Amino acid sequence: MRVEPPESPGRRYVPDSIVGDVCAELFASLPRSDQRQKGELYVRGLLRAEGRKSVRNIAAYVGGRAAEQSLHHFVASSTWDWAPVRAALARYLERTLRPRAWVVRPMVISKAGTESVGVAPRFVSGIGQVVNSQEAFGVWAVDDESGCPVNWRLALPGKWRDNIRSVSPHIPESELAASPLDCAVRAARQVQGWTGPPRRPVVLDLQDADPAAVARRLNLAGLPFVCAVRGTVRVGCADPALPGAEGRAMAAHQLLLMARTLRRPVTWTDPVTQVPGTSLVAGLRVTLGEGTEPLLLLGEWTDPRGWPQRYWISRLGDMPLGAQLRLARLVGNVDADFARISVPVGLTDFSGRSYEGWHRHTTLASVAHAVRLLTGTDGRRGDRPADLPA
């Protein structure tokens, strides 16, 4: 009998029975029993191994050197399809987490070398620097407190699109040609297709994308949405609440500054500190170009003086402004749980050249994230839901 190493400070032990029950449900689509067993072993290794979650490190915690080769083959070279596993995870989270929205968030993974799939120098606007990195677009199931990744698209720069078939010959052409907006919309549509009704809103943080293109693609997909935009985006005022501005085109921040008398206070809770806060919010009907359908432009002031600090466009029907702002701020839950759970369970640790391997590792790490979150062993969340397998 192998003696288990102690848990890291701040993390609690996940009972074997719970890991087994969750994996049995989520890996039911894997056609062979040995694949289902290896999937469970890999998840256990992600939950238990210390440091970087390489296959060697994972194997050391679940089977030693004898397991290393078989686990490497299971992730990098096996034939199992990750999409049914993600679909099962999405439905599982619908039942246990009961998400309020699907949040689409880009993830930039810094890499020291050039061999990992999708790695290239790219400009990261959030830090204003060129970073040697991978870029992936994740769809997260998010409730008022926390979130869990469900689906992923990996962006492939030109050199990888040209050469990827030499290492991953079965990639669909649609994956190779996908732009960041394509990645985000297709991933969100796929999740919605897996879970069916109710049609949950999609929250996007794609400030570098063309807002008109975002609105057009999501309208065609029939998805209600709220998307972060920059204050400099040009909009046309279509709101009778500002008669002096109606019909004029201007930057979003200028238009919202004219609407300061329409602001209302909205309360929310910080996802990291759990401390409540208050912002001022105003919303105006706008268009994003000639012939486009009106959308809502949302502005938030955390400091009541001067310009708004954040901006969004939305198509969420008659949802009140306060509810829309709290929905838009769910991106903060993703950022908090990415750092608190995803990174520790190895979501960003795959370093191989295989496109399929990246997706399989990321899928298994998403399962490990769900186990940490829903069992309350992530260091923050309390009791697990009553219908989580015991």
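For the structure, check the block above.
Right, let's walk through the structure included here. (Residues numbered from 1 in each chain as written. Predicted model: local features only at pLDDT ≥ 70, side-chain atom pairs only at ≥ 80, totals over all residues. Heavy atoms only, no water.)

For the rest of this paragraph, the subject is the pattern of salt bridges. A side chain of one charge can pair with a side chain of the opposite charge when the charged atoms of the two come close. Counting across every chain of the model gives 17 salt bridges. As a salt-bridge pair, Arg32 and Asp34 come within 2.9 Å of each other at their nearest N and O atoms. Residues Arg217 and Asp182 are paired through a salt bridge, measuring 2.5 Å at the closest nitrogen-oxygen approach. Of the two residues, Arg217 sits in helix α9 (residues 211–221) while Asp182 sits in helix α8 (residues 180–195), which places them 35 residues apart along the sequence. By relative accessible area, which is 15% here, Asp182 ends up buried. Via salt bridges that share partners, Asp16, Glu40 and Arg44 belong to a single interconnected network. (Salt bridge = Lys/Arg side-chain N within 4 Å of Asp/Glu carboxyl O. Helix = DSSP H or I, 4+ residues; strand = E, 2+ residues; numbered from the N terminus. Buried < 20%, exposed > 50% of the residue type's maximum accessible area, 1.4 Å probe, protein only.)

A separate point is helix α3 (residues 55–62). Considered for burial, the residues of α3 that qualify are Val55, Asn57, Ile58, Ala59 and Tyr61. Residues of α3 that are buried sit in contact with α2 (33–48) and α4 (65–76). Immediately downstream of α3, the backbone of Gly64 shows phi near 75°, a positive value. (Contact = heavy atoms within 4.5 Å.)

Another point: the packing of α8 against α9. Interhelical geometry of α8 versus α9 gives an angle of 25° and a closest axis separation of 11 Å. Judged by the angle between their axes, α8 and α9 are roughly parallel. Note on packing geometry: the crossing formed by α8 with α9 is right-handed. Note on element contacts: α9 touches α8 through Ala213, Val214, Arg217, Leu218 and Ala221, opposite Leu181, Asp182, Val185, Arg186 and Arg189. Among the residues forming the contact of α8 with α9, the class breakdown is six nonpolar, no polar and four charged. (Axes fitted to C-alpha atoms, helices over the stretch in contact; angles between N-to-C directions. Parallel < 35°, antiparallel > 145°, perpendicular 65-115°, else oblique. Left-handed = near helix turned anticlockwise from the far one by under 90°. Nonpolar A, V, L, I, M, F, W, Y, C, P; charged D, E, K, R; others polar.)

In this structure, Pro198 follows Pro197 across a cis peptide bond, with omega equal to 0°. Of note, Pro198 is situated in the loop between α8 and β5 (202–204). One non-glycine residue with positive phi stands out, namely Gln274, at about 60°. Within the element layout of this structure, Gln274 appears in the loop between β9 (264–269) and β10 (276–287). Judged by relative accessible area, Gln274 falls into the partly exposed class, the value being 37%.

So, on to the nonpolar core. Buried together is how nonpolar side chains tend to be arranged in soluble globular proteins. Counting residues in hydrophobic clusters, the biggest one holds 122 residues, and the most contacted among them are Phe27, Val43, Leu93, Leu204, Phe225, Leu255 and Leu364. Examining the composition of this core, we find that 10 residues originate from one element, helix α13 (residues 355–374), more than from any other. If we skip the residues at most four places from it in the chain, Leu204 touches Val104, Ala184, Leu218, Phe225, Val226, Cys227 and Ala228. (Core = buried A, V, L, I, M, F, W, Y, C linked by side-chain atoms within 4.5 Å.)

Two descriptors summarise a pair of aromatic rings, namely the distance from one centre to the other and the angle between the planes of the rings. According to the stated counting rule, one finds three aromatic pairs in the structure shown. Where Phe74 meets Trp80, the ring centres are 5.1 Å apart and the plane angle is 20°; that geometry is what we call stacked. Both residues of the pair, Phe74 and Trp80, belong to the buried class. Summarising the aromatic geometry, the rings of Trp82 and Tyr355 are spaced 6.5 Å apart at their centres and angled 65° between planes, so their arrangement reads as edge-to-face. (Phe/Tyr/Trp six-rings, centres within 6.5 Å; stacked < 30°, edge-to-face > 60°.)

Now for the side chain of Ser133. You can see Ser133 is positioned in strand β3 (residues 129–142). Ignoring any residue separated from it by four or fewer positions in sequence, one finds Ser133 in contact with Val108, Ile109, Ser110, Lys111, Gly118, Val119, Ala120 and Arg122.

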